[in-house]
Amino acid sequence: MSRETYAKRSLGEVYDKVHKAKVLMVGAGGIGCELLKNLVLTGFGEVHLVDLDTIDLSNLNRQFLFGHEHIKKSKALVAKETASKFNPNVNLVAYHANIKDPQFTVKWFKSFDIVLNALDNFDARRYVNRMCLTADIPMIDSGTTGYNGQMRVVIKGKTECYECNPIEPPKSFPVCTIRTTPSQPIHCIVWAKSYLFSQLFGIDEDASPDLDNTENKENEDELKNLRLENEELKKVKNAFGTVEFAKLVFEKVFQIDIDRLLTLADAWKHRRAPVPLDFASIKAEADAAGYEDLDKVAALLANDQPVWSLHENFVVFTDSINRLSKRLVDLQNRDLGGSKSILTFDKDDDDTLDFVSAAANLRSIIFGIETKSKFDIKQMSGNIIPAIATTNAIVAGLVVTQAFKVLSNDLTHAKMVYVSQPPSRMLSSGALLPANRDCAVCGVARASIEVDITKLTLGQFIDDVLKEKLSYTDEISVMTSKLLYDVEFDDNLDKTFEQLGIQDGSFITVMDEDEPEDGSTARVNLEFLVLTKEFSSEPAYTLEAISGIPRKPRPEAAESDSDENMVVPASTKRKADEIVETSNGNKKAKTETSGTSETIVLDDEDGTFLID
Amino acid sequence: MQQIIDDVPRSVTPHIVSARDRKYDRQLRLWAANGQAALEEAHVLLLTASAAGAEILKNLVLPGTGSFTVADDKLATEDDVDVNFFLDESSIGQLRGAKVAEFLQELNADSVGRSENLTLSQLDKLDPSYWEQYSLVIAHQIRPSVLLPISKLLWEKKIPLVVSNSIGFYARLRIITPEHSVVESHPDSTVDLRLDCPWPELEEFAYEFKLEELAEMDHAHVPYLVLLLLYLKQWKETHNGESPSTYAEKNEFKALIRSGVQSNDDENFEEAINTVWRATQATTIPSDIQKILNDSRAQNLGVTSSKFWILARAVSDFTKSSASGGLLPLSGSVPDMKADTTSYVTLQSIYRTKARKDRDWVAGRVNELLLSLGRSAAAISGDEVDTFCKFSRNLVVLDYRSLEDEYMPSTANSKKILRELEEENSLMSVYVGFRAVEVFEEREGRYPGTLDYTEDDEVILEAIALEIITSIGGSVVNERTSSVLKEFVRYGGGELHNISSLLGGIGAQEIVKIITRQYVPLANTTIFDGIQSVSAVWEL
């Protein structure tokens, strides 16, 4: 194109860099669709996009590259197809794959100029964060929730990484709260979804992450009781598929189990005792209301807003159990030996959602807890995050402006920006914070190694790689989630990686404990990412990439934190992905307009070397 | 088993929690069914099929805005296709508005789109009744001589107008509507505990607890609201009936609560201590709410009064009645807390019962008011009264300034503009830049920077900026503004897609807030600078 486009005019000198840049976009969902459009229309030349998800109806209110005809198809492939129609001049490469797949090696990451994260989950973000740190590629992370959103630039050694501030693990509930002493609607919803539903139609409860099954002295008796309940429920399951099944389940969990709970007299001395439900009388009530008529049931289910009465919950409970049973029987009849079909809870699957809503509400009634509408239960059971096009558009627009900064190497003006309510300040932007020196993720040196895990032994790894190539001494510890080796523990030296439980994608940490006599400090921890590969000859590994392994800062060096040229992170510590509070945003905006404390560059540590 | 299961009666899925509700599920979580209904009734008009305009509409079509019209008068060029996602190579030479409407329509069949070939420079010549079919108008880069008369017309007809501009790295958005009231402002919390002035049922419930007689387990499950009420009672007995008010007293009060802790399990005491500050605040009517209740629109109702003002009047009367103790209707919500189920449920019911009583008073008053205005009692539903009472502490009324007031030197917010211009790096320079570019376009019939030789344009634009600044009492175009003006010339009036897209996000978001009357829209101008990635909001 010889004509000077508006993009070229506006971008000036940066345009060439933008046009030649090779961009990796991880995630083609809400932010991803907006980003791809922006990249294609601002002159980017080559964009690779990775997403393992498929398109769902509930995406269409914002993911505008997809239409009804694309439901259940790959997001990455359809996004590429739609976007190329509008600009055939851009080289788009789509992968319908998990970014954690081994095909996406560190070397592959290194081939990009910038990585744009448009993901919806912590796990994948953490992974991409580590890969970008290992490959030393700048990354821009972004995310939105309803009307709020945020984005920030992450550059190894210069800025905070995605994990410099600890991320809260998802909430789980103690098993006794769920099974014996619920006090909030969410407890009953978790019971219905993670316990009852799985027991009846799915996998065993123990595999469910929502429940904390830790046994201790205090809950010993209760847990014994619960195991008894499980045994009984298994017996009820023998009636699976019959007319009686719904009744038996109902009586078992809403009457017999509650009667038994009542015998734990101590538990109810100071709490309101649960009141068991009587199948026959509620059924009579439901029949009297005309619910033998299935059309009336369907009409009840067509509106998810009202809060159902006792007998309405009863009707939905029995009806959904029968629907789910029929589905499971049909599935299992189609099973050809091998694995047995199960049903899994899906908030968008009405049969499963009806069951969980009704069962949760019935349990709430028993324990005197407020009941909820199906609409609300959908949100509480499915961790639904509100999402709209507008916030995604704002955040994606910001990501591209920051990508211009990164590509033109103008890091002093790179930012983190929060989009939030109230409207008195739509965007709050702040200078990037320096890396947290104690961060277990970016505070370490990183390497990746391709290994034949069936061949390479820990001993060979230590001798060849660590000692010979990387000049480590004997004073080291090597660990995964457990200790594999240290000076006083050499039992594992003859074991292969496979025997030590190391798999593709595992991380191995090397801790240097050697304090050299010249007074220098030990090296920072080195973390290896293991990628499996078959090797037919020795050595059974290739060191794919390694960054420098700097020495730890001296303890007194911490004083330099008060240096004027650095933004001190201590006062601005926050949970990752949380919107910065007003006071914080104001403070940042202030430092920014005053134009003094913009410097964020930390000196590169020494000791950099590369192994090919 | 196959036989048996087929005989089990069951309804047939999928039920009609409709495909529509499923598609919109993620946004219904934000504005619920009533917000969605408002959106589906709306008809939005876009003036100028620019990239930014198309991006605003895209974000309105996707969530299901009822209908949209794109009005434009140009044929699509290669430049348009470069920057506008809703045009492609085949659109070149065709009516730009028609093509944009066509591509936008593909996004959502629930939204009905059309286009009109209107001469944008002659919009002020249209019959005034033309505008009445629209519920909101978006005007992108319409020259002031045309925009001002339209904005006056729309103001009279109470049709909201959203003005947008996007040039290079700069964007601007302005909202104009005579009055915008919000009941569902979505505050972080509607909790209103009234521990400083408990009503008899609440006192009775709390004072029945005898802390010293409780077993350890129970002691740890007394709701913290009860703890605070008990300790406040104890405090008042030794302090002439006064609540702790000074900082020192509040600390002393905290210590008093802490002295009651019996075991490590007493997290409820921690909750109580953490709430001391809020609990000892006197419950009053916030001043901004009092202002709304006292507003003449509430006090002097007429046949054309809106529901909002009738409800405000009813609540105002409530606060003056003996039923209220001089306070707003209670919201009735109780926060989560460590408590045994019975106490918690009883507390909830005490708060809800009181809230219902307040609400019933207001509902009765609303009926009387409607009757006296000669309107049907059904004009305001019970749900509307509920919502109004629940959010009565968080009502918002925005009285926007007209565009005319902003543009006329005599009524312009001159002080604000001049003061901001003196701030280092202030985005007010960008605002002045937009105003100068508008005048330039009006005089020259083209945007600055569109000719090969741009230095003259820089001079002309700076002269225009000086005119604007002097007209409001300033005297110089400062260095910062001058460099912003040069940037404007460099952009040649062209849009940069990601900036237009971002403006599309901001614009549509504010429009959704206005149409749904939920959340608080911005008042009244925002400027975005994509070079620094910063924005500013001002009332101009």
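Residue indices begin from 1 for each chain and proceed along its sequence in written order. Think of it this way: whatever chain is written first is A, whatever ligand is written first is 1, and the rest follow in order. In view of the model being predicted, local features appear only for residues whose pLDDT reaches at least 70, and side-chain atom pairs are presented and counted only at 80 or more, with totals across whole chains, interfaces and linings using the full set of residues. Only heavy atoms go into the side-chain values, all of them from the structure, while hydrogens and water stay out.

Caption draft 1: Main features of the overall build of chain B. Of the regular secondary structure elements, chain B holds 24 helices and 10 strands. Across its three principal axes, chain B shows a C-alpha extent of roughly 90 × 80 × 55 Å. Scored against the burial criterion, the 540 residues of chain B give a buried share of 58%. Within chain B, contacts between residues at least 6 apart in sequence are counted, and of these 69% link residues at least 24 apart. Distance from the positive charge centre (53 side chains) to the negative charge centre (81 side chains) of chain B: 5 Å. A helix here means a DSSP run of H or I that spans at least four residues, while a strand means a run of E at least two residues long, and both kinds are numbered starting from the N terminus. Whether a residue is buried, partly exposed or exposed follows from its accessible area with a 1.4 Å probe, protein chains only, as a fraction of its type maximum: under 20%, in between, or over 50%, in that order. Two residues form a contact once any of their heavy atoms are found within 4.5 Å. Charge counting follows a simple rule: Lys and Arg are positive, Asp and Glu are negative, and His as well as the terminal groups are ignored. One atom stands in for each charge, and that atom is NZ of Lys, CZ of Arg, CG of Asp or CD of Glu.

Caption draft 2: Structural view of the pattern of salt bridges. Salt-bridge detection follows one rule: a side-chain nitrogen of Lys or Arg within 4 Å of a carboxyl oxygen of Asp or Glu. With the rule as written, the count across this model stands at 63 salt bridges over all chains. Linked through salt bridges whose partners overlap, the residues forming this network are A:D319, A:R323, A:R327, A:D349, A:D350, A:D351, A:D354, A:K374 and B:R22.

Caption draft 3: Representation of the sheet that holds strand β14 (residues 507-512) of chain A in the model. Residues and elements named next belong to chain A. Pairing between strands requires that DSSP locate at least two bridges from one strand to the other. Strand order in the open sheet made by the six strands is β13-β12-β14-β15-β11-β16, with mixed pairing throughout. One side of each edge strand has no neighbouring strand; the edge strands of this open sheet are β13 (483-485) and β16 (541-546). Averaged over all neighbouring strand pairs, the angle between strand axes comes to 30°, with direction disregarded. Pairing of strand β11 (residues 445-451) with β16 involves five bridges; the strand directions are antiparallel. Looking across to β16, one finds that I449 is bridged to L543. Packed on one face of the sheet, helix α6 (residues 122-135) meets β11, β14 and β15 (526-532) and runs near 95° to β11. To define axes, lines are fitted to C-alpha atoms, for helices over the stretch in contact only, and angles between the resulting N-to-C directions are given on a 0 to 180 degree scale.

Caption draft 4: Quick peek at the interface of chain A and chain B. Taken together, the contact between chain A and chain B spans 90 residues of the former and 88 residues of the latter. What gets called buried area is simply the loss in accessible area from a 1.4 Å probe that two parts show on being joined, summed for both. Of the roughly 7900 Å² buried where chain A meets chain B, counting both sides, 58% is carbon and sulfur surface. When the buried surface of chain A facing chain B is broken down by residue, A:Y6, A:F86 and A:Y147 rank first, second and third, together holding 10% of it. The interface formed by chain A and chain B contains five salt bridges. A salt bridge links A:E370 to B:R352, with the nearest nitrogen and oxygen atoms 4.0 Å apart. Between N or O atoms, a polar contact is any pair within 3.5 Å; within protein, one atom must be a potential hydrogen donor and the other a potential acceptor, and residues adjacent in sequence are included only when both atoms are from side chains. Along the contact surface separating chain A from chain B lie 24 residue pairs in polar contact (both at pLDDT 80 or more). Three classes are used, and their members are as follows: Ala, Val, Leu, Ile, Met, Phe, Trp, Tyr, Cys and Pro are nonpolar, Asp, Glu, Lys and Arg are charged, and the others, Gly among them, are polar. Partitioned by chemical class, the residues of the side of chain A that touches chain B number 38 nonpolar, 29 polar and 23 charged.

Caption draft 5: Main features of the packing of helix α10 (residues 224-238) of chain B against helix α12 (residues 267-274) of chain B. Residues and elements named next belong to chain B. It is the contact of α10 with α12, at a shortest axis distance of 8 Å, that shows an interaxial angle of 65°. Relative to α12, α10 is oriented so that their crossing is right-handed. On the side of α10, the interface is formed by Y224, L227, L228 and Y231, while α12 contributes N268, F269, E271 and A272. Taken together, the residues of the contact of α10 with α12 sort by class into six nonpolar, one polar and one charged. Each helix crossing is assigned a hand: it is left-handed if the near helix lies turned anticlockwise from the far helix by less than a right angle, otherwise right-handed if that turn is clockwise.

Caption draft 6: Looking closely at the domain arrangement of chain B. Here the limits of each domain have been adopted from an automatic or database domain assignment. On domain assignment, one finds that chain B holds domain 1 (19-178 + 498-538), domain 2 (200-279), domain 3 (287-398) and domain 4 (412-493). For domain 1 of chain B versus domain 3 of chain B, the distance between C-alpha centres works out to 35 Å.

Caption draft 7: Structural view of the packing of helix α22 (residues 455-471) of chain B against helix α23 (residues 479-491) of chain B. All names here are of chain B. As a packed pair, α22 and α23 sit with axes 10 Å apart at the nearest point and diverge in direction by 130°. Relative to α23, the element α22 is oriented oblique. The element α22 and its partner α23 pack so that their crossing is right-handed. Mapping the contact onto sequence places D457, E458, L461, E462 and A465 in α22 and S482, L485, K486, F488 and V489 in α23. For the contact of α22 with α23, the per-class residue count stands at five nonpolar, one polar and four charged. Angles are sorted into four bins: roughly parallel if under 35 degrees, roughly antiparallel if over 145, roughly perpendicular if 65 to 115, and oblique for all others.

Caption draft 8: Looking closely at the confidence of the model for chain B. The predictor reports its confidence for every residue as pLDDT, a score running from 0 up to 100. For chain B, the mean per-residue pLDDT works out to 92, and 98% of the residues sit at or above 70. Averaged pLDDT values over the elements of chain B bottom out at 60 in helix α1 (residues 2-7) of chain B and peak at 98 in strand β1 (residues 43-47) of chain B.

Caption draft 9: Expanded view of unusual backbone geometry. A:P539 follows A:E538 through a cis peptide bond whose omega is -10°. As for its placement among the helices and strands, A:P539 is situated in the loop between β15 and β16. Residue B:N524 follows B:A523 across a cis peptide bond; omega there is -15°. Counting through the fold element by element, B:N524 comes out in the loop between α24 (497-516) and β9 (525-529). Residues other than glycine seldom take positive phi values, yet A:S471 does so here, at roughly 60°.

Caption draft 10: A look at the domain arrangement of chain A. Once the domains are mapped, chain A shows domain 1 (14-169 + 387-431), domain 2 (180-382) and domain 3 (445-552). Each of domain 2 of chain A and domain 3 of chain A has a C-alpha centre, and these two points are 50 Å apart.

Caption draft 11: Geometry of the sheet that holds strand β2 (residues 46-50) of chain A. Residue and element names in this part refer to chain A. Across the sheet, which stays open at both edges, the eight strands sit in the order β3-β2-β1-β4-β5-β6-β9-β10 with mixed pairing between neighbours. In this open sheet, the two edge strands, each paired with only one partner strand, are β3 (91-95) and β10 (427-431). Shown here is a sheet whose adjacent strand axes are inclined to one another by a mean of 15°, direction ignored. Against the sheet, α6 touches β1 (22-26), β4 (114-117), β5 (139-145) and β6 (148-154), its axis set at about 165° to β5.

Caption draft 12: The nonpolar core, seen in detail. Residues and elements named next belong to chain A. Among buried residues, those of type Ala, Val, Leu, Ile, Met, Phe, Trp, Tyr and Cys that are joined through side-chain atoms within 4.5 Å constitute a nonpolar core. Counting residues in each nonpolar core, the largest one holds 146 residues, and the members touching the most others are L36 and F44. Of all the elements, helix α16 (residues 389-407) adds the most residues to this core, at 11 residues. Beyond its immediate sequence surroundings of up to four residues, F44 is in contact with V18, H19, A21, V23, L39, V90, V400, A403, F404 and L407.

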